[in-house]
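Observations on the model geometry
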Amino acid sequence: MPKLVFVLPDGTETGVDARTGDSVMITATQNGLDGVVAECGGNLSCATCHVWVRDDFLDAVGPPGEMEDDMMDLATSDRRTGSRLSCQIIVSEELDGLTVEIPREQP
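These lines cover the structure that appears in this document, whether it is placed above or below. (Residues numbered from 1 in each chain as written. Predicted model: local features only at pLDDT ≥ 70, side-chain atom pairs only at ≥ 80, totals over all residues. Heavy atoms only, no water.)

1. A short note on the pattern of salt bridges
When the charged atoms of two side chains with opposite charge come close together, those side chains can pair. All told, the structure shown has six salt bridges when counted by the stated rule. Where Glu-101 meets Arg-54, a salt bridge forms, and the shortest distance between an N and an O atom there is 3.3 Å. Separated by 47 residues along the polypeptide, Glu-101 in strand β5 (residues 99-101) and Arg-54 in the loop between β3 (50-53) and α2 (58-61) bring together distant segments of the chain. Take Arg-54: its relative accessible area is 29%, and that puts it in the partly exposed class. As a salt-bridge pair, Glu-101 and Arg-80 come within 3.6 Å of each other at their nearest N and O atoms. Of this pair, Glu-101 sits in strand β5 while Arg-80 sits in the loop between α3 (66-71) and β4 (83-85), and the two are 21 residues apart along the sequence. (Salt bridge = Lys/Arg side-chain N within 4 Å of Asp/Glu carboxyl O. Helix = DSSP H or I, 4+ residues; strand = E, 2+ residues; numbered from the N terminus. Buried < 20%, exposed > 50% of the residue type's maximum accessible area, 1.4 Å probe, protein only.)

2. Comments concerning unusual backbone geometry
For Ala-38, which is not a glycine, the phi torsion comes out positive at approximately 60°. Summarising the element assignment, Ala-38 is placed in the loop between α1 (24-30) and β3. For Ala-38, a relative accessible area of 15% corresponds to the buried category. You will see that Leu-44, though not glycine, has its phi angle at about 55°, which is positive. Counting through the fold element by element, Leu-44 comes out in the loop between α1 and β3.

What follows is the structure in structure tokens.
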């Protein structure tokens, strides 16, 4: 079972077990982590699950798709190189140890 690390808006790091095939967003919400609002439930119609992927996992998660990239224009937090919508990152064994930062503000 892959383990994901979330850096909460207050700087606290929390490691959680994730199920392969679930999204990073589902993993965050099912574990009650603050900051991942997920208003649309993962339907790629909001930007309330914006996270920053740490540099060491950028290649593994890949770049955002066109729709995801457009949706992140709605995010209220700064876009960074590792900006992704957590609903679009699917957990796999190769993402074991993935660390994402949750911005202080979501739209």
